[in-house]
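# Report on the structure
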Amino acid sequence: NAGVMQNPRHLVRRRGQEARLRCSPMKGHSHVYWYRQLPEEGLKFMVYLQKENIIDESGMPKERFSAEFPKEGPSILRIQQVVRGDSAAYFCASSQGAGNQPQHFGDGTRLSIL
Amino acid sequence: AQSVTQLGSHVSVSEGALVLLRCNYSSSVPPYLFWYVQYPNQGLQLLLKYTSAATLVKGINGFEAEFKKSETSFHLTKPSAHMSDAAEYFCAVSDQANQGGKLIFGQGTELSVKP
């Protein structure tokens with residue numbers, strides 16, 4: 001059973017470039033969550049998606065960040081015009097449902113901004 | 001609003017000693033609670049979950065946690081620490097106030113195990 005797959009594992013961008021982070025959920029999971037882990041901080045929720053729908057984006061910065069989970073293919077977290085403060089580990093999690101269903105995490109994408 | 005507090009950002013124990021990692025939660029509804037472990041440069045692995053069934057929950061790797069409503073606590077324990085338990089541990093509550101059940105995490109506790 002393949003777990004949650006994230007790629008790339010490491011991503012280096014220069015300020016002003018775009019970063020695209022991909023997440024393929026576990027087989028049979030239709031709920032995807034993105035979290036960000038900043039240095040010396042815990043994990044913070046960013047966005048929750050189901051196929052073709054954004055359900056909760058209350059943790060997303062208002063500008064430059066967007067997410068999608070198309071009918072076919074992985075979920076994408078997109079960061080436009082990256083800045084140094086975007087350097088972090090970004091984790092994707094998937095679950096079979098919301099609430100009491102456990103979320104299973106990928107190994108994350110570590111984004112570094114030069 | 002729901003929240004989680006983990007007491008102690010660093011805990012150090014000797015190999016073979018009891019492990020106790022503290023977690024207190026705040027929730028206006030019966031909570032769903034989780035403990036995750038994170039090894040360096042890896043994602044989070046689910047240790048155990050509480051979803052309103054038995055108050056003593058057994059997880060993987062010999063860990064267990066007890067839900068105590070009166071104390072709003074969900075502390076993680078293991079009778080005998082092993083070197084391989086050294087990692088960061090996160091307690092989380094599922095946010096049921098909003099649609100979707102996003103996880104609200106504590107700040108994490110780094111566990112060190114001395115030989």
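Residues numbered from 1 in each chain as written. Chains lettered and ligands numbered in written order. Predicted model: local features only at pLDDT ≥ 70, side-chain atom pairs only at ≥ 80, totals over all residues. Heavy atoms only, no water.

### Observations regarding the interface of chain B and chain A
Reports often express the size of an interface as the amount of accessible area lost when the parts come together. Stated precisely, the cut-off is as follows: The contact criterion used throughout is that any non-hydrogen atoms of two residues lie within 4.5 Å. A quick way to say it: buried area is the sum, across both parts, of accessible area lost when two parts are put together, with a 1.4 Å probe. The working definition used for a salt bridge is a side-chain nitrogen of Lys or Arg within 4 Å of a carboxyl oxygen of Asp or Glu. Any pair of N or O atoms that falls within 3.5 Å is considered a polar contact. Within protein, one atom must be able to donate a hydrogen and the other to accept it, and sequence-neighbouring residues count only if both atoms are side-chain atoms. Per the convention used, a helix needs a DSSP run of H or I reaching at least four residues, while a strand needs a run of E reaching at least two, with both numbered from the N terminus. Under the convention adopted here, Pro, Cys and the residues Ala, Val, Leu, Ile, Met, Phe, Trp and Tyr are nonpolar, Asp, Glu, Lys and Arg are charged, and Gly plus all remaining residues are polar.
Chain B puts 22 residues into the contact, and the matching count from chain A is 24 residues. Together, the buried faces of chain B and chain A total about 1,800 Å²; carbon and sulfur atoms form 53% of this surface. Summed over the shared surface of chain B and chain A, the result is one salt bridge. Put simply, Asp56(A) and Lys102(B) hold a salt bridge, and the shortest N to O gap is 3.9 Å. Run the count over chain B and chain A and you get six residue pairs in polar contact (both at pLDDT 80 or more). Secondary-structure elements contributing two or more residues to the side of chain B that touches chain A are strand 4 (33-38), strand 5 (44-50), strand 9 (87-94) and strand 10 (103-105) of chain B. Along the lines of polarity and charge, the residues of the side of chain B that touches chain A split into eight nonpolar, twelve polar and two charged.

### Focus: the state of the cysteines
Stated formally: Throughout, disulfides are identified as pairs of cysteine sulfur atoms within 2.5 Å of each other. For every residue, the accessible area obtained with a 1.4 Å probe (protein chains only) is divided by the maximum for its type, and the residue is called buried under 20%, exposed over 50%, and partly exposed between those limits.
Under the definition given, this model contains two disulfides over all chains. With a sulfur-sulfur separation of 1.8 Å, Cys23(A) is cross-linked through a disulfide to Cys92(A). Taking the torsion about the S-S bond as the criterion, the Cys23(A) to Cys92(A) disulfide, at about -55°, is left-handed. Pair noted here: Cys23(A) is in strand 3 (residues 19-24) and Cys92(A) is in strand 9 (residues 88-95), with a separation of 69 residues, a long-range link. According to the relative accessible area criterion, Cys92(A) is buried, its value standing at 0%. Residue pairing for Cys23(B): its cysteine sulfur links by disulfide to Cys91(B), the two sulfurs lying 2.0 Å apart. Here the disulfide of Cys23(B) and Cys91(B) is left-handed, its torsion about the S-S bond being about -60°. Separated by 68 residues along the polypeptide, Cys23(B) in strand 3 (residues 19-26) and Cys91(B) in strand 9 bring together distant segments of the chain.

### Overview of the side chain of Lys78(B)
Residue and element names in this part refer to chain B. You can see Lys78 is positioned in strand 8 (residues 73-78). Since its relative accessible area comes to 11%, Lys78 is described here as buried. Among all residues touching Lys78, those that are not within four sequence positions of it are Ala17, Leu18, Val19, Asn61, Gly62, Phe63 and Asp85.

### What about the sheet that holds strand 8 (residues 75-79) of chain A?
Strands pair in a sheet through their backbones, by hydrogen bonds, and they do so in one of two ways: parallel or antiparallel. Residue and element names in this part refer to chain A. Filter applied, for reference: Two strands pair under a simple rule: DSSP has to find at least two bridges between them. All axes are obtained by fitting lines to C-alpha atoms, using only the stretch in contact for helices, and the reported angles, taken between N-to-C directions, cover 0 to 180 degrees.
Strand order in the open sheet made by the four strands is 1-3-8-7, with antiparallel pairing throughout. Where the open sheet ends on each side, the last strands, each with one partner, are strand 1 (5-7) and strand 7 (65-68). Strand-to-strand twist of the sheet, defined as the mean angle between neighbouring strand axes without regard to direction, takes the value 15°. Sheet topology note: the strand 1/strand 3 ladder contains three bridges and is antiparallel. Bridge pairing in strand 3 places Met5 opposite Ser24.

### Considerations on the packing of aromatic side chains
What counts, and what does not: Here is the rule: rings of Phe, Tyr and Trp (six-membered ring for Trp) pair when centre to centre is within 6.5 Å. Planes less than 30 degrees apart are stacked, more than 60 are edge-to-face, and the remainder are tilted.
Within this structure, the stated rule accounts for 14 aromatic pairs over all chains. Pairing Tyr35(A) with Phe45(A) gives two aromatic rings, centres 6.0 Å apart and planes at 70°, and the pair type is edge-to-face. Here Phe45(A) lies in strand 5 (residues 43-50) and Tyr35(A) lies in strand 4 (residues 31-37), a separation of ten residues in the sequence. Assigned by exposure class, Tyr35(A) and Phe45(A) land together as buried. Note on Tyr50(B) and Phe74(B): the rings are 6.2 Å apart at their centroids and 50° apart in plane angle, and the pair reads as tilted.

### A short note on the sheet that holds strand 3 of chain B
All names here are of chain B. Taken in spatial order, the five strands make up an open sheet running 1-3-8-7-6, and their pairing is antiparallel. Edge strands, defined here as strands with exactly one partner in the open sheet, are strand 1 (3-7) and strand 6 (56-58). For this sheet, the mean angle separating the axes of adjacent strands, direction not counted, is 20°. Of the pairings in the sheet, the one linking strand 7 (residues 64-68) to strand 8 comprises five bridges and is antiparallel in character.

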